[in-house]
Amino acid sequence: MTDTTLAQQSDTSHASPERTVFSILEGDALTRKRNAAEARFKLYGIIAIGIGLFFLVALLWAILSNGLGAFTQTFVKVEVPLNQQQIEEAEKSVVKTSKYRAILIEAFENDLSAANISTGISAKDLEKLFSSGAAATIRDHVLAHPDSIGSTVGFDLIASSRVDGYMKGRVDRDDLAQDKNLDAAHLDLADQLQAAGILEKRFNWEFVFGTDASDSRPEQAGIGASMVGSLFMMLVVLVLSLPIGVAASIYLEEFAPQNRFTDLIEVNISNLAAVPSIVFGILGLAVFIQFMHLPQSAPLVGGLVLTLMTLPTIIISTRASLKAVPPSIRDAALGIGASKMQSIFHHVLPLAMPGILTGTIIGLAQALGETAPLLLIGMVGFIASNFPDGVAAGFLSPNSAMPAQIYEWAKRADPAFYERAWGGIIVLLVFLMAMNIIAIILRRRFERRW
Amino acid sequence: MSLPLVSAVLLVLAVAGYIFGRGKALKTVGGDSRRLHSLSGYYGWNAVVWTLAPSLLLLVIWLLLQPIVINGSVSSMISEETAAGSSLDLVMSDVVRIAEGLDLAATQGVMSAEDASSIRIELTDVRDRLGDVGVALGSDVTAETLRAAQAYREISATGYLLRSVVVIGAALLGLVLAVVRTNPEFRARNAVESVVRWILIAAASIAVLTTLGIVLSLIFNTVEFFRIYPASEFFFGLTWAPSFGGGSVLGILPLIWATLYISLIALAVAVPIGLFAAIYLSEYATPHVRAVAKPLLEILAGIPTIVYGLFALLTVGPLLMNVFGSGGALGVNWMSGASSVLTAGMVMGIMLIPFVSSLSDDIINAVPQAMRDGSLGLGATHSETVKQVILPAALPGIVGAILLAASRAIGETMIVVLGAGAAARLSVNPLEAMTTVTAKIVSQLTGDADFASPEALVAFALGMTLFVVTLGLNIIALYIVRKYREQYD
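Conventions and cut-offs
- Residues numbered from 1 in each chain as written.
- Chains lettered and ligands numbered in written order.
- Predicted model: local features only at pLDDT ≥ 70, side-chain atom pairs only at ≥ 80, totals over all residues.
- Heavy atoms only, no water.
- UniProt positions renumbered as here; feature names shortened; annotations may be inferred.
- Helix = DSSP H or I, 4+ residues; strand = E, 2+ residues; numbered from the N terminus.
- Patch = residues over 30% accessible without salt bridge, like charges linked within 9 Å, V, L, I, M, F, W, Y side chains within 5 Å.
- Areas by Shrake-Rupley, 256 points an atom, 1.4 Å probe, with all protein chains shown as cover.
- Salt bridge = Lys/Arg side-chain N within 4 Å of Asp/Glu carboxyl O.
- Pairing = 2+ DSSP bridges.
- Core = buried A, V, L, I, M, F, W, Y, C linked by side-chain atoms within 4.5 Å.
- Buried < 20%, exposed > 50% of the residue type's maximum accessible area, 1.4 Å probe, protein only.
- Contact = heavy atoms within 4.5 Å.
- Axes fitted to C-alpha atoms, helices over the stretch in contact; angles between N-to-C directions.

Draft legend 1. A look at the UniProt feature "transmembrane region" (unreviewed entry) in chain A. Residues and elements named next belong to chain A. Summarizing the sequence annotation, UniProt attributes the feature "transmembrane region" (unreviewed entry) to residues 43-64, 227-252, 272-292, 298-316, 348-369 and 421-442 in the numbering used throughout. With 100% helix and 0% strand, residues 43-64 has its two end C-alpha atoms placed 31 Å apart. Overall, residues 227-252 shows 100% helix and 0% strand. The separation of its end C-alpha atoms is 36 Å.

Draft legend 2. Representation of a nonpolar patch on the surface within the structure. A grouping of Leu57, Val60, Ile61, Leu64, Leu65, Ile68 and Val69 of chain B is seen on the molecular surface, where their side chains present a nonpolar patch of about 700 Å² in accessible area. Relative to the helices and strands, Val60 of chain B resides in helix 2 (residues 40-75).

Draft legend 3. Summary view of the pairing of strand 1 (residues 72-81) of chain A. Residues and elements named next belong to chain A. Relative to strand 3 (residues 199-203), strand 1 is paired through 5 bridges, and the arrangement is antiparallel. Counterpart to Thr74 in the pairing with strand 3 is Lys201. Strand direction decides the pairing type here: strand 1 and strand 2 (residues 152-158), joined by 7 bridges, are antiparallel. By the bridge assignment for strand 2, Val80 is matched with Val153.

Draft legend 4. Quick peek at the nonpolar core. Core analysis: the largest hydrophobic core is formed by 181 residues, its most contacted members being Phe280 of chain A together with Ile214, Tyr308, Ile441 and Leu462 of chain B. Take this core: its biggest share by element is 18 residues, from helix 10 (residues 253-284) of chain B. Apart from the residues lying within four places of it in its own chain, the contact partners of Phe280 of chain A are Leu272, Val275, Val305, Leu308, Met309 and Pro373 of chain A together with Thr210 and Ile214 of chain B. Among the nonpolar cores identified, the runner-up in size contains 37 residues, and Leu82, Ile105, Ala134 and Val153 of chain A belong to it.

Draft legend 5. Representation of the sheet that holds strand 3 of chain A within the structure. Residue and element names in this part refer to chain A. With antiparallel pairing, 3 strands are arranged side by side in an open sheet as 2-1-3. The open sheet is flanked by strand 2 and strand 3, the only strands paired with a single partner. With direction set aside, neighbouring strand axes in the sheet form an average angle of 40°.

Draft legend 6. Structural context of unusual backbone geometry. In this structure, Ser297 of chain A takes a positive phi of about 65° despite not being glycine. Within the secondary structure, Ser297 of chain A sits in the loop between helix 12 (277-291) and helix 13 (299-323).

Draft legend 7. Structural view of the environment of Thr315 of chain B. Following the sequence through the fold, Thr315 of chain B ends up in helix 12 (residues 305-324). Counting along the chain gives 89 residues from Thr315 of chain B to Phe226 of chain B, while the straight-line C-alpha distance between them is 41 Å. Filtering out sequence-adjacent residues up to four positions away, Thr315 of chain B remains in contact with Ala62, Asn66 and Trp422 of chain A together with Leu310 of chain B.

Have a look at this one:
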């Protein structure tokens with residue numbers, strides 16, 4: 001730079017007439033711009049969190065608004081006189097339930113005339129108010145209580161899914177235009193029945209504890225059997241993954257030398273935690289079913305597959321809680337002559353137990369909601385219509401699991417089943433919430449600072 | 001002797017081993033346990049180990065070998081013409097069924113034990129009599145299969161007897177040896193601890209075995225698939241048209257395309273939202289807000305994917321139909337069904353938000369405070385600090401997090417099975433239904449196809465592709481995350 005340019009520069013800067021005086025109290029344009037950018041940036045963050053929380057609320061709202069209906073059910077009260085002669089005749093015929101249905105309709109018509117409701121609906125159409133399983137309910141009662149023959153028994157029979165849907169507002173009169181099963185007269189009758197107290201909507205324990213009936217009777221479907229299936233699966237997962245996971249973590253955290261083999265194990269565990277769940281399903285299919293010939297759809301196989309999936313989660317959390325036990329505990333044990341094994345099993349492990357249990361419960365909760373691998377080992381192909389008899393059957397006989405059952409309902413493309421699927425999700429989420437709350441309580445209760 | 005009975009005997013022997021081992025150790029020192037090398041219990045446990053370890057090992061080997069040996073010797077009884085009529089496997093499964101039926105009949109008392117081993121097809125109708133005990137046979141029993149089944153029963157019975165004798169003998173031998181070896185100088189604790197150590201190592205190895213199992217089960221079936229179906233057509237084919245009657249066209253490209261498309265949409269939803277949420281939570285939020293918002297967002301990660309699948313199918317899909325479908329809010333007819341790439345992608349994006357935000361949050365928190373202080377001290381605003389100092393410093397970790405999210409998106413199953421549709425097509429319209437690799441694995445393996453057909457085996461090839469792709473992404477992501485972390489440690 002020459003002197004002249006310097007002089008010119010200093011000249012222009014000194015002589016600049018536009019030089020502004022800054023106030024500390026109000027910023028200049030640039031500062032305002034930067035502050036605005038700052039505010040905007042902060043707003044983006046708030047919006048992002050808002051969107052996330054909005055999705056959460058939308059999801060929960062969708063679940064609750066669609067699923068709560070599954071917990072109520074429309075029932076029709078019918079006083080059925082169990083006539084000895086009629087029942088003997090029905091039991092002798094080939095299609096027993098159709099005879100029982102005739103008994104039911106006759107009784108229902110009597111009830112209607114007793115309540116002064118005139119229908120103008122033929123007996124055949126009157127049937128459509130009831131679930132097709134209603135006759136079987138009566139027969140089951142007769143078989144279970146033979147002494148009640150000859151008396152009149154009051155039954156609460158499940159209404160058909162359309163009537164049920166109408167009572168819940170799922171089916172409206174416009175839909176009926178396309179419906180061959182039901183017409184407006186049925187709905188009028190349903191309204192009258194409700195006014196007369198013959199038809200009522202109430203809590204449906206059948207949905208929680210019943211079994212899935214068939215793919216044409218959504219009103220009878222229940223999640224009970226698959227709950228049992230899930231329970232047995234979780235037992236397998238717990239019994240296998242907790243000891244194996246803890247043993248593996250103890251080895252890796254406390255004993256493992258730094259060598260190729262332990263390195264391989266560690267890398268493997270972090271990789272397994274990220275393998276897609278469906279691949280575990282393929283593994284289960286190929287190894288447990290194709291190769292080892294374990295029974296398909298059995299909770300034992302599902303449990304084994306989920307155990308392999310849960311192990312990495314449990315190992316990672318167990319290692320963290322083992323690491324959190326301070327070295328002084330180990331040193332103290334070693335100092336008074338305990339072996340390394342004794343110091344770990346007698347001193348470190350009990351102190352790490354709350355953390356291990358927390359991790360295990362979270363792992364179990366994940367396993368409980370897992371669906372994809374269960375599809376491959378056949379837990380959807382089977383519709384659980386009975387509870388397993390006995391403990392061994394619980395593990396070995398085909399069953400479903402809650403998520404698989406929900407998937408099964410979701411596939412059936414019928415609004416009445418969709419309602420069941422959402423309802424099933426509520427049951428599943430209640431279980432998950434309970435497990436997570438237990439995990440949180442455990443963590444709170446046993447949290448200690450060293 | 002049946003398996004549960006043998007196990008029960010072993011258990012009893014193990015308990016006896018504990019009592020004898022401990023008792024002997026205490027007796028040799030006259031009850032003064034101070035003179036023993038180890039605590040008295042360790043002598044008992046040593047005996048338990050010696051009782052159980054060899055016998056259980058033998059039992060497992062026996063269980064694996066016996067069916068192979070018996071099948072070998074019985075299948076030689078079946079003449080070639082029978083085997084030629086249907087496959088040998090089918091005949092053998094018939095033989096096993098008949099043998100089981102005879103066993104059942106004998107235990108239920110429908111047949112006497114001698115009858116079960118001596119009945120002849122000429123004298124009685126075996127099929128009917130087995131039907132009585134609830135064993136339904138598809139075809140009539142030939143004299144040959146009946147003889148084979150009876151031979152099968154005899155050999156199995158001898159096998160079971162031998163198995164019990166050998167296994168229980170081994171347990172007894174181990175017990176006696178351990179008790180004999182027990183003396184005050186014996187280092188029982190060291191012996192027991194080394195066994196425990198091996199158990200721990202075995203538990204840790206299960207991770208390796210699982211991976212091995214995955215790889216082997218995929219490879220064997222994939223190789224089998226490529227033997228019937230040309231690999232070039234699989235990897236470069238543009239059509240996916242399986243038909244269970246045979247003559248399928250199985251090109252993977254449409255599936256890969258839809259998988260990537262859906263993952264891309266999912267990431268486009270999850271990455272900006274997750275990243276901004278993470279920045280806000282770690283840089284701006286007060287501890288109070290953070291304590292509430294972070295766990296709330298993480299609930300999204302804990303919800304099972306079947307829930308998201310249903311949400312996509314029944315809530316988001318119809319919603320999009322109302323906007324883009326015929327007679328919708330926009331008045332366009334771009335969407336023909338509720339399931340589409342956009343439906344599945346958006347819902348998957350929601351699922352991935354907490355995944356991206358939690359990982360990024362950890363990484364942003366790991367950036368040292370000194371870097372923030374330096375930048376703020378120079379007069380930068382907070383957002384400038386975030387954009388120009390923190391994000392560049394955290395970038396490798398964030399990229400790792402995004403890659404992990406991507407591999408999750410690619411491997412996700414339930415959302416696409418329910419939300420994306422079932423038609424395999426190559427299209428750029430996100431409102432059309434397409435189908436992904438994972439969805440096809442499910443549909444190919446839940447059908448009734450025979451395991452040896454290309455239509456079922458293709459699922460393993462798809463699984464292999466999926467496994468390789470996600471594993472590659474995971475490894476790269478973990479590598480990036482680890483390398484980055486080392487910079488500040």
